[in-house]
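Spelled out from the first residue to the last, the chains are:
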Amino acid sequence: GNLDEELNAIAHSAVKSAADMNAKAIILITMSGKVARAVALHKPSVPVLAFCTDRQIARRLQLHRSVLPLLLQSKMDPGSSKTRMALLRAEAKRTARELGLLRAGDRIITVDRTKGKDTDMFEFSHNIKLSTIRDCDGW
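This is a predicted model, so every value here is computed, not measured.

Chemist: Pulling in residues and values, what's your account of a positive patch on the surface?
Modeler: Together, Arg37, Arg55, Arg59 and Arg60 give the surface a local cluster of positive charge. Element by element, the count of residues in the positive patch is highest for helix H3 (residues 55-61), at three residues. Residue classification places Arg55 among the exposed residues on the basis of a relative accessible area of 60%.

The following block contains the structure:
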């Protein structure tokens with residue numbers, strides 16, 4: 001369907017951007033594992049850190065090349081329109097940093113999907129961001 005097409009385009013862009021920008025990793029927040037699978041299909045040249053809240057999905061994602069599933073220690077439901085994706089993204093980056101997977105100066109690509117609120121004109125928005133990890137002072 002339409003969502004799959006959008007997801008495929010975003011996954012392709014994320015993998016291409018990671019290569020073009022010499023990023024250290026692609027960070028995903030994925031509930032069902034769909035985003036992670038879409039990215040893996042495009043054969044990324046950098047590690048894909050797939051953050052999810054479900055152990056079973058994390059286990060399934062281990063089967064995909066270059067995907068490292070990590071559990072998000074959050075009580076927030078990423079599928080809810082009330083959840084602020086920015087908070088989950090920050091938590092994912094902090095966790096990756098604490099695990100020694102990222103350090104200051106590393107460029108990363110983040111991919112996630114936010115559910116629109118009732119007042120939005122969209123049901124879902126696929127997000128892709130490029131950022132550089134900064135020194136710990138701001139953390």
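Chemist: Give a detailed account of the pairing of strand S2 (residues 48-52), specifying residues and quantitative values.
Modeler: The buried count for S2 comes to five of five residues, which makes it a mostly enclosed element. On S2, burial covers both faces: Val48, Ala50 and Cys52 on one face and Leu49 and Phe51 on the other are all buried. Pairing of S2 with strand S3 (residues 67-71), which is carried by five bridges, proceeds in the parallel orientation. In the strand pairing of S3, Val48 is matched with Val67. Taken together, S2, H3 and S3 form a β-α-β motif whose crossover is right-handed.

Chemist: Give me the environment of Arg103: which residues, what numbers.
Modeler: Its place among the elements puts Arg103 in the loop between helix H4 (85-98) and strand S4 (107-115). C-alpha separation for the pair Arg103 and Arg134, spaced 31 residues apart in sequence, amounts to 7.9 Å. Leaving out residues up to four positions away in the same chain, Arg103 has contacts with Arg97 and Ile133.

Chemist: Describe the environment of Thr132, and please don't skip the residues or the numbers.
Modeler: Looking at where Thr132 falls in the secondary structure, it is placed in strand S5 (residues 124-132). Considered as a pair, Thr132 and Arg103 are 29 residues apart in the sequence and their alpha carbons are 9.4 Å apart. Setting aside its immediate chain neighbours within four residues, Thr132 contacts Gly105, Asp106 and Arg107.

Chemist: Could you give me a rundown of a nonpolar patch on the surface, with the residues and numbers involved?
Modeler: On the surface, Leu68, Leu99 and Leu101 cluster together to form a nonpolar patch covering roughly 240 Å² of accessible area. Looking at the secondary structure, you find Leu68 in strand S3. Given a relative accessible area of 35%, Leu68 falls into the partly exposed group.

Chemist: Can you explain the nonpolar core? Please cite residues and give values.
Modeler: Among the nonpolar cores identified, the biggest contains 24 residues, and Ile26, Leu28, Val39, Leu61, Val67, Ile109 and Val111 are the most heavily contacted of them. Within the residue set of this core, elements represented by two or more residues are helix H1 (2-20), strand S1 (25-29), helix H2 (34-41), S2, H3 and S4. Not counting the four nearest positions on each side in its chain, Leu28 is found in contact with Val35, Ala36, Val39, Val48, Leu49, Ala50, Phe51 and Val111. Counting 14 residues, the second largest nonpolar core, distinct from the first, contains Ala25, Ile29, Phe51 and Leu102.

Chemist: Lay out the sheet that holds S1 with the relevant residues and their values.
Modeler: Reading across from one edge, S3-S2-S1-S4-S5 is the order of the five strands in this open sheet, with mixed pairing throughout. Because the sheet does not close on itself, it has two edges, and the strands there are S3 and S5. Between one strand axis and the next, the sheet turns through 20° on average, direction left out of account. As defined by bridge partners, S1 adjoins S4 across four bridges and the pair is classed as parallel. Counted as the bridge partner of Leu28 is Val111 from S4. Across the face of the sheet, H2 comes into contact with S1, S2, S3 and S4 while running at roughly 150° to S1.

What counts and what doesn't
Residues numbered from 1 in each chain as written. Predicted model: local features only at pLDDT ≥ 70, side-chain atom pairs only at ≥ 80, totals over all residues. Heavy atoms only, no water. Patch = residues over 30% accessible without salt bridge, like charges linked within 9 Å, V, L, I, M, F, W, Y side chains within 5 Å. Areas by Shrake-Rupley, 256 points an atom, 1.4 Å probe, with all protein chains shown as cover. Salt bridge = Lys/Arg side-chain N within 4 Å of Asp/Glu carboxyl O. Lys, Arg positive; Asp, Glu negative; His and termini not counted. Charge placed at Lys NZ, Arg CZ, Asp CG, Glu CD. Helix = DSSP H or I, 4+ residues; strand = E, 2+ residues; numbered from the N terminus. Buried < 20%, exposed > 50% of the residue type's maximum accessible area, 1.4 Å probe, protein only. Pairing = 2+ DSSP bridges. Right-handed = clockwise from strand over helix to strand, strands pointing away. Contact = heavy atoms within 4.5 Å. Core = buried A, V, L, I, M, F, W, Y, C linked by side-chain atoms within 4.5 Å. Axes fitted to C-alpha atoms, helices over the stretch in contact; angles between N-to-C directions.

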